[in-house]
Amino acid sequence: MAFLNMFGKDKERPTAATADDRLSLVLSYQRSDIDERKLKQFQARLIDLCDDFGYDVVGQVEIRPQSRQRDNTTVLKASIPVRLREKGENEESAGL
Amino acid sequence: MKQKSVAITVTSGKGGVGKSTTVASVGLALAKLGREVCVMDTDIGLRKLDLMLGLENRIVYDLVDVVEGTSKLRQSLVRHKEFPTLGLLPAAQTRYKEEVTPAQVKELVDELKKEFEIILIDSPAGIEGGFRNAIAPADRAILVVNPEIPSVRDSDRVIGLLESADLETIDLVVNRVQPNMIKDGDMLSVERVQNHLAINLLGIVPEDRRIIRSSNTGEPVVLDDRSLAGRAFNNIARRINGEEVPYLELEESSLINRIKRIFHIA
């Protein structure tokens, strides 16, 4: 199998690169001391915030802490799939 | 007190990464350089340093005996016959870590500083009482890490604990490095490990089957000229001694080795 891999078959991403990504993630979690419950609360607040600004959250909210080595800090990256609410919907939800 | 005596705690968080091997090897290498060195085993109940240095038959008293006043410090110290500037303060084998407090260990190390220039403290695995005993007297620390996620994550946690204990000088030893695996993309590189942990790199030690042999025979690899790990530990000792020593070239370059690797023979 290793012989075949030499010719470019079955090429996979190096496990060290994958491990490096995993390590970044686990260290970020550890350094930021973020527990799952806290993240869930954070997600809920983000959804509320989107709602306040007229966005409907239409998918899974993801929050990924990432380690920034330059200044040894944690960066929280949030991915929030949203759709802008129609004007009529906005007024309705605002009770107008 | 010896001028500028220093207590260095060798720690890791995770077990089995090579702390005791590092302490025994670097301790002996420093003694070879003529330094007065004491290696101190704080892994009470699970001592190892005596075996690694081939001194297990000469232990009468141990660290707990000194703390309890059953013996004097000098009676508990075991001197190496070939390198008499090296002393071992063994841990008790049939007692518990809780029987000693950090303050008592610190007091003991202060006593040792009167006789030795360097005190290398072998910390037990984990971050509980034994770890706290080992870091209490430390002036600086050496963190031994294997290039794998569980070891690096634990080390990152330990760095936080060392920093909160006001230990500012923390050096990194990356142990059990396999250059072939790094080259194939199957092992984290030393550079990546150092970048993640962001501390000073003191040494890189390759995986070496002679290490297992040495712990069975009680002769540290620093006495074996053919051992690459032995050379790496000797270099670490020289760096602690203040010399500037380049890192070892670990890459295997012979054609036979490359062919062996391709066919998964090596």
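Named according to an unreviewed UniProt entry, chain B is Septum site-determining protein MinD originating from Marininema mesophilum. Its UniProt record gives chain B the following Function (unreviewed entry) comment, quoted word for word: "ATPase required for the correct placement of the division site. Cell division inhibitors MinC and MinD act in concert to form an inhibitor capable of blocking formation of the polar Z ring septums. Rapidly oscillates between the poles of the cell to destabilize FtsZ filaments that have formed before they mature into polar Z rings." According to its UniProt record, chain B has this under Sequence similarities (unreviewed entry): "Belongs to the ParA family. MinD subfamily."

Per an unreviewed UniProt entry, chain A is named Septum formation topological specificity factor MinE, and its organism is Marininema mesophilum. The heading Sequence similarities (unreviewed entry) in the UniProt record of chain A holds the text "Belongs to the MinE family." In its Function (unreviewed entry) section, the UniProt entry covering chain A states "Prevents the cell division inhibition by proteins MinC and MinD at internal division sites while permitting inhibition at polar sites. This ensures cell division at the proper site by restricting the formation of a division septum at the midpoint of the long axis of the cell."

Caption draft 1: Local environment of the pairing of strand E7 (residues 170-177) of chain B. All names here are of chain B. For E7, a buried count of seven out of eight residues is recorded, marking the element as mostly surrounded by other parts of the structure. Across five bridges, the pairing between strand E6 (residues 140-145) and E7 is parallel. Among the inter-strand pairings, isoleucine 142 is bridged to a residue of E7, identified as aspartate 171. Running through helix H7 (residues 149-164), the crossover from E6 to the neighbouring parallel element E7 is right-handed.

Caption draft 2: Fine view of helix H10 (residues 209-217) of chain B. The backbone nitrogen of Arg210(B) has a side-chain oxygen 2.9 Å away, supplied by the residue at the start of H10(B), namely Asp208(B). Phi for Gly218(B), located one or two positions after H10(B), is positive at around 80°.

Caption draft 3: Here's a closer look at unusual backbone geometry. Residues and elements named next belong to chain B. In this structure, aspartate 166 is a non-glycine residue whose phi angle is positive, near 65°. For aspartate 166, the position within the fold is in the loop between H7 and E7. With phi around 55°, alanine 198 is a residue other than glycine that occupies positive phi space.

Analysis parameters
- Residues numbered from 1 in each chain as written.
- Chains lettered and ligands numbered in written order.
- Predicted model: local features only at pLDDT ≥ 70, side-chain atom pairs only at ≥ 80, totals over all residues.
- Heavy atoms only, no water.
- UniProt positions renumbered as here; feature names shortened; annotations may be inferred.
- Buried < 20%, exposed > 50% of the residue type's maximum accessible area, 1.4 Å probe, protein only.
- Helix = DSSP H or I, 4+ residues; strand = E, 2+ residues; numbered from the N terminus.
- Pairing = 2+ DSSP bridges.
- Right-handed = clockwise from strand over helix to strand, strands pointing away.
- Polar contact = N/O pair within 3.5 Å; in protein donor to acceptor, adjacent residues only side chain to side chain.

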